[in-house]
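Each chain, letter by letter, is given below.
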Amino acid sequence: MIPFNENIRKGARVLRSVLTPPKPEDFFFLTFAVTYRCNSKCTMCNIWQKYRKDPGKDKEELSAKEIGAAFSSSELLKKVRIFLIGGGEPFLKSDFTDIILILNDINPGAPIIIASNGQNTALIEDKLSSTIQSIVKQGNRDSVLYVGVSLDGMEETHDRMRGRKGSFRNALNTIETIRTMDGIQTGFVFTFTPQNYREFPVVLQFAKDMKTPLSFQFAQTSEHYYDNMDTHFDWTREQIDEVRDILRKLRFFDVVRREFLEYRGSRGIGDWLLSYNRFFLEYVLEYQLHQKRNFHCFSGTHSCFLDPYGNVFPCISLGKSIGNIRKQKFDNLWISPHADEIREDISQRQCHCCSFCDIPLSLPRNLSVITSNLKKMLRSG
Ligand code: SF4
Ligand code: SF4
């Protein structure tokens, strides 16, 4: 049991984070796309096309050595408490293992969440095995590695959404393989679009049968990241109400609480992701219809997005570059008048999004959002 004093300290920390906006020095969350190489052909994201349109550009990606140098020379990057590693397909990065080891060495104990399409099982198994072996050698046994594998429907739908036949089978093989590996947590991630939302209940049952946690997000657009501004996710009010009903009727979060938490390896990150999903569901649902932001966002202050070429952005959605870690030390670009100008624009609510990578970090710092969501959750039971 957590001692009483510890509970008071935790409560005070939460209260302080709600009542006082973070400062740039409170930086703690890094989303890092280690590569834009990708072996899928998804319908809702164009990252897979980046190097087809611009062959050779992949040579400009940061190397593990450069990443190590950037972290070693930064006090702020040493404060990262959670890493979200994405791509492209991150396992296609040739020095993937070295990069994870650098992050783990500099920030021991910070969970590393890896988003994968799960398409190359053998490669993923190989890279995870060598990563885990090296982590054990490093002596950081408390490290948490979580691999979220995309699953957007059953076989026909998933293969269609991901643009390749066999994608569903590959994702399953990968999950089954990771589940046999010690020291790594895993789960499915379902991306809601108007084209696949009705399949969510079947996917949930499927994940339950596999005793594997399932979290979800909504597809969205981004110019500098997904490169999909010409893709429209046009939800209707009826569809959004249907999604809400699906989640409510399924008692999705009760299922998670009662059953998934018992599954081996699902404690921790999967639970954490799901509790965020539940808490912010109402905002995210309404956002699909109105595209408005009604809360203070602190992306660019307590978190940022680093692209494969060293460019630092406030988040995956807002394409305003704060600087590049090849040209400037991270701490210098982060604590700078230019970064402050971008923060000011964000505070004026000139941007909005429903990014599950970014907004869940800011919403707990908004008292009005917390109370309004709690009321809706209590009303809907
Ligand atoms: S969603 Fe992931 S797997 Fe699909 S194209 Fe984008 S980066 Fe590749
Ligand atoms: S609201 Fe969205 S787009 Fe704007 S800074 Fe926050 S996370 Fe980025």
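These remarks concern the structure in this document.

Focus: the overall build of the protein
Here is step 1 of the chain: Helices and strands together make up the secondary structure of the protein, namely 16 helices and nine strands.
Here is step 2 of the chain: Among the 381 residues that make up the protein, the fraction classed as buried is 42%.
Here is step 3 of the chain: Of the contacts made within the protein by residues no fewer than 6 positions apart, 78% connect residues no fewer than 24 positions apart.

Some points on helix 14 (residues 337-347)
Note that an α-helix has 3.6 residues per turn; residues three or four places apart therefore point the same way.
Here is step 1 of the chain: Inspection of helix 14 places Ala339, Ile342 and Ile346 among the buried residues, and these make up the whole buried set. One side of helix 14 holds all its buried residues, which, seen down the axis, span an arc of 60°. Set apart from the buried face of helix 14 by more than 90 degrees, the exposed residues are Pro337, Glu341 and Glu344.
Here is step 2 of the chain: Buried positions along helix 14 lie against helix 13 (330-334).
Here is step 3 of the chain: Looking one or two places after helix 14, you find Arg349, whose phi comes out positive at around 60°.

Details of the sheet that holds strand 9 (residues 323-324)
Here is step 1 of the chain: Pairing is mixed in the open sheet, where nine strands are placed in the order 6-5-4-3-2-1-7-8-9. Here the strands that pair on one side only, and so sit at the sheet edges, are strand 6 (214-218) and strand 9.

A few points about the environment of Thr193
Here is step 1 of the chain: Here Thr193 is to be found in the loop between strand 5 (184-192) and helix 8 (200-209).
Here is step 2 of the chain: Given 18 C-beta atoms within a 10 Å radius, Thr193 is considered partly exposed.
Here is step 3 of the chain: For the pair Thr193 and Asp234, spaced 41 residues apart in sequence, the C-alpha separation works out to 8.7 Å.
Here is step 4 of the chain: In this structure, Thr193 is in contact with Met44, Ala219 and Phe233, ignoring residues within four places of it in sequence.

Some details on the site of ligand 1
Here is step 1 of the chain: Every residue close to ligand 1 is listed here: Cys38, Ser40, Cys42, Cys45, Ile47, Trp48, Gly87, Gly88, Glu89 and Asn117.
Here is step 2 of the chain: Classifying every residue of the shell around ligand 1 gives five nonpolar, four polar and one charged.

Criteria and cut-off values
- Residues numbered from 1 in each chain as written.
- Chains lettered and ligands numbered in written order.
- Predicted model: local features only at pLDDT ≥ 70, side-chain atom pairs only at ≥ 80, totals over all residues.
- Helix = DSSP H or I, 4+ residues; strand = E, 2+ residues; numbered from the N terminus.
- Buried ≥ 20, exposed ≤ 12 C-beta atoms within 10 Å, placed from the backbone.
- Contact = placed C-beta atoms within 7 Å.
- Arc of directions from axis to C-beta.
- Pairing = 2+ DSSP bridges.
- Near = placed C-beta within 6 Å.
- Nonpolar A, V, L, I, M, F, W, Y, C, P; charged D, E, K, R; others polar.

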